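# Residue-level structural notes
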Amino acid sequence: EADIYQTPRYLVIGTGKKITLECSQTMGHDKMYWYQQDPGMELHLIHYSYGVNSTEKGDLSSESTVSRIRTEHFPLTLESARPSHTSQYLCASSVYGNTEAFFGQGTRLTVV
Amino acid sequence: QKEVEQNSGPLSVPEGAIASLNCTYSDRGSQSFFWYRQYSGKSPELIMSIYSNGDKEDGRFTAQLNKASQYVSLLIRDSQPSDSATYLCAVRGGTYKYIFGTGTRLKVLA
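Residues numbered from 1 in each chain as written. Chains lettered and ligands numbered in written order. Predicted model: local features only at pLDDT ≥ 70, side-chain atom pairs only at ≥ 80, totals over all residues. Heavy atoms only, no water.

## Quick look at the interface of chain A and chain B
Each side of the interface is counted separately: chain A has 24 residues, and chain B has 23 residues. Summing both sides of the interface, chain A and chain B together bury roughly 1900 Å²; the carbon and sulfur share of this comes to 48%. The interface formed by chain A and chain B contains 1 salt bridge. Remark: the boundary between chain A and chain B carries 10 residue pairs in polar contact (both at pLDDT 80 or more). (Contact = heavy atoms within 4.5 Å. Buried area = accessible area lost by both parts, 1.4 Å probe. Salt bridge = Lys/Arg side-chain N within 4 Å of Asp/Glu carboxyl O. Polar contact = N/O pair within 3.5 Å; in protein donor to acceptor, adjacent residues only side chain to side chain.)

Set out below in structure tokens:
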């Protein structure tokens, strides 16, 4: 079982608020990813990291930012939440090489 | 053309039958291929990974890879109602990004 944790699991927040979604893994994986998924839709990569102090934007334009100061921690921040940010956010990690990615349980965000 | 393509379904099969799920990808440099299962409202969980041409079996699941045809498939034998979920095909290339298909929704009828 993968040890990757996301908090909070559910979040309802008002428009304009700043929010940070937490993602931590205890497996020592160097690569970490954030995906966004609307209900019944495909996963879109919004950010990824190859290691500490390395972050890249994904294929889907996003108003969020990420940081990678520690190997185990990859938080995602929205400076000013909007209703269009309502979605499920999934964090994943993998080890170097052609290996699988493991997912956290996700954060379901609703912006009202 | 999408990088990873799957038929969205739903694919309906009777209990005990074989379910066949298919996926094509566009990047010939892709090196790793994965099948994930996702229940509604949950996160994806890995079912199979496959890296070389041919078949790979794990219990009731068999993954098949044909790099020349850029085609990956997943067979589920003796399908059970608990197998009803969305199955995601994922491909990883040299950039270490995992690109997912839209998923195929499988319904196993009791």
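So, next bit.
## Quick notes on the sheet that holds strand S8 (residues 76-78) of chain A
Strand pairing in a sheet is mediated by backbone hydrogen bonds. Such pairs are either parallel or antiparallel. With antiparallel pairing, 4 strands are arranged side by side in an open sheet as S1-S3-S8-S7 (chain A). For this open sheet the edge positions go to strand S1 (4-7) and strand S7 (65-66) of chain A, each flanked by a neighbour on one side alone. (Pairing = 2+ DSSP bridges. Helix = DSSP H or I, 4+ residues; strand = E, 2+ residues; numbered from the N terminus.)

## A word on the pairing of strand S5 (residues 45-50) of chain B
All names here are of chain B. Note that strand S4 (residues 32-38) and S5 share 5 bridges and pair antiparallel. Bridging across to S5, tyrosine 36 finds its partner in leucine 46. Two successive antiparallel strands, S4 and S5, enclose a turn made up of 6 residues, where glycine 41 displays a positive phi of approximately 80°.

## A closer look at the state of the cysteines
Taken as a whole, this structure holds 2 disulfides over all chains when the rule is applied. With a sulfur-sulfur separation of 1.9 Å, cysteine 23 of chain A is cross-linked through a disulfide to cysteine 91 of chain A. One quick way to see it: the torsion about the S-S bond of cysteine 23 of chain A and cysteine 91 of chain A is about -75°, and its sign makes the bridge left-handed. In this pair, cysteine 23 of chain A sits in strand S3 (residues 19-25) while cysteine 91 of chain A sits in strand S9 (residues 87-94), placing the two residues 68 residues apart along the sequence. With respect to class, cysteine 23 of chain A is no different from cysteine 91 of chain A; both count as buried. The partner cysteine of cysteine 23 of chain B in its disulfide is cysteine 89 of chain B, sulfur to sulfur 2.1 Å. Looking down the S-S bond of the cysteine 23 of chain B and cysteine 89 of chain B bridge, the torsion is -70°, so its handedness is left-handed. (Disulfide = S-S within 2.5 Å. Buried < 20%, exposed > 50% of the residue type's maximum accessible area, 1.4 Å probe, protein only.)

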